[in-house]
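Understanding the architecture of this molecule
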Amino acid sequence: MTATTPADAGIRPGVGRRVFGFLRRRPVTATAALFVALLILLALFAPWIAPHDPYAQDLLNRLQPPDAEHLLGTDDYGRDALSRLIFGARISLTAALQAVALALILGLPLGVVAGYRGGWTDTLLTRLMEALMSAPSLVLAITIVAVLGSGITNAMFAVGLVMAPRFFRVARASTMDVRGDTYIEASVALGCTPARTIIRHILPNVMPPIVLVISVSLGTAVAAEASLSFLGLGAKAPAASWGSMLSTAASNMQLAPHLVWPPGVMIFLTVLAFTYLGDGVRRALTRSRNGSSN
């Protein structure tokens, strides 16, 4: 008897194989995924990877250029720049996750409800989000931090609140695209409650574009945290933050210009990686949802 292979039986490849095949066909997405994975590992194992204590001061060796002991030099307190860069990944990723989680919790359900219900509910929620979007995002975040007080938690609350409308708009538009489809109308005709219809039929169609927004927003949140920390409204000293490292580098540009490059490059690469990763994941989810074999 001839053995039946998965292909002969019509069984689709496993999730891991499909993901690997997708990344192999898209090297840019694979590179972005690898960078994000390395960044997460860097943040998780920072105490074991960092060559020095990021908070240990050595004023006799302040603003030293890179050498064998300090590969990226030292800052204005003699702290190892490489160690602070590594620990900065932990602060940046944690802060970004806090902000995006808040934006998702606020924007996604409100957007789905507005798109599904329509009428005055849609009008009220849309006007509320438009009012929140009318002010420049960074200015609004600075204003919120000024009211609540500086600190990384308040800063990320402000950033998450500012980013919520982008989740609302995508969720609302995606819901409005599918709410008139035949299978949605059939589920309602069969007696499904609105909550069950939303959870079982609406959300699976909303999630691919939401995944893209999540990934892009993570990069945006990293940049926002760095901006607020640069202004002294985010992570408080002596916390190792890429934004505070840029602020230190800007204050000592004439004496130690080499300090500006490590945090600046890390912020740029992180934002870029999240953007490309989000686009790749969205394409993969869309293909999986549509049952495409390509």
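Everything below is about the structure shown above.
In this report, we go over the structure that sits alongside the text.

What counts, and at which threshold
For every chain, the first residue of the written sequence is number 1, and numbering continues from 1 onward in sequence order. The model is predicted, so local features are restricted to residues of pLDDT at least 70 and side-chain atom pairs to those at 80 or more, both for listing and for counting; the totals for chains, interfaces and linings are taken over all residues. Only hydrogens and water are set aside; all other atoms, that is, all heavy atoms of the structure, feed into the side-chain values. Secondary structure elements follow DSSP: runs of H or I no shorter than four residues count as helices, runs of E no shorter than two count as strands, and numbering proceeds from the N terminus. Exposure is judged per residue with a 1.4 Å probe applied to protein chains only, and the accessible area is read against the type maximum: over 50% gives exposed, under 20% gives buried, and values in between give partly exposed. When checking whether two residues touch, look at their non-hydrogen atoms; a contact exists if any pair is within 4.5 Å. Here the accessible surface of atoms and residues is derived via Shrake-Rupley with a 1.4 Å probe, and residues count as covered only by protein chains that are part of the display. What makes a nonpolar core is a set of buried Ala, Val, Leu, Ile, Met, Phe, Trp, Tyr and Cys residues whose side-chain atoms join them at distances within 4.5 Å. For helices, the axis comes from a line fit to the C-alpha atoms of the stretch in contact; other axes are also lines fit to C-alpha atoms, and the angle between any two N-to-C directions lies between 0 and 180 degrees. Each angle receives one of four descriptions, namely roughly parallel if under 35 degrees, roughly antiparallel if over 145, roughly perpendicular if within 65 to 115, and oblique otherwise. Helix crossings get a hand from a simple test, with the near helix turned counterclockwise from the far one by less than a right angle marking a left-handed crossing and a clockwise turn marking a right-handed one. Side-chain classes follow a simple rule in which Ala, Val, Leu, Ile, Met, Phe, Trp, Tyr, Cys and Pro form the nonpolar group, Asp, Glu, Lys and Arg form the charged group, and the remainder, Gly included, forms the polar group. By the counting rule applied here, Lys and Arg register as positive and Asp and Glu as negative, while His and the ends of each chain are not counted. A pair is scored as a salt bridge if a Lys or Arg side-chain nitrogen falls within 4 Å of a carboxyl oxygen belonging to Asp or Glu.

With respect to the overall build of the protein chain
Helix and strand content of the protein chain: 11 helices and 0 strands. Buried residues in the protein chain amount to 39% of all 294 residues. Partitioning the contacts of the protein chain with sequence separation of at least 6, the portion at a separation of at least 24 is 72%. Element-wise, carbon and sulfur atoms account for 66% of the exposed surface of the protein chain, whose accessible area totals about 15,700 Å².

Regarding the nonpolar core
Note on soluble globular proteins: their nonpolar side chains tend to be buried together. Residues V159, M163, I202, A221 and W242 are the most contacted members of the largest nonpolar core, which totals 47 residues. In this structure, A46, L82, F87 and A240 belong to the second largest nonpolar core, which totals 6 residues.

Quick notes on the packing of helix 6 (residues 137-148) against helix 7 (residues 152-178)
Where helix 6 meets helix 7, the closest approach of the two axes is 9 Å, and the angle between their N-to-C directions is 140 degrees. Taken as axis vectors, helix 6 and helix 7 run oblique relative to one another. Of the two possible hands of crossing, helix 6 and helix 7 adopt the one that is right-handed. Contacts from S137, L140, A141, I144, V145 and L148 in helix 6 reach N154, A155, F157, A158, L161 and V162 in helix 7. Taken together, the residues of the contact of helix 6 with helix 7 break down into 10 nonpolar, 2 polar and no charged.

Topic: unusual backbone geometry
Excluding glycine, a negative phi dihedral is what most residues carry, and trans is how most peptide bonds are arranged. One non-glycine residue with positive phi stands out, namely L63, at about 55 degrees. Mapped onto the secondary structure, L63 falls in the loop between helix 3 (46-49) and helix 4 (81-117).

As for the side chain of D80
Secondary-structure assignment places D80 in the loop between helix 3 and helix 4. We note that D80 is buried and unpaired, the nearest opposite charge coming from R84 at a distance of 8.9 Å. Each residue touching D80, except ones within four places of it in the same chain, is listed here: P51, H52, E69, H70, L71 and G73.

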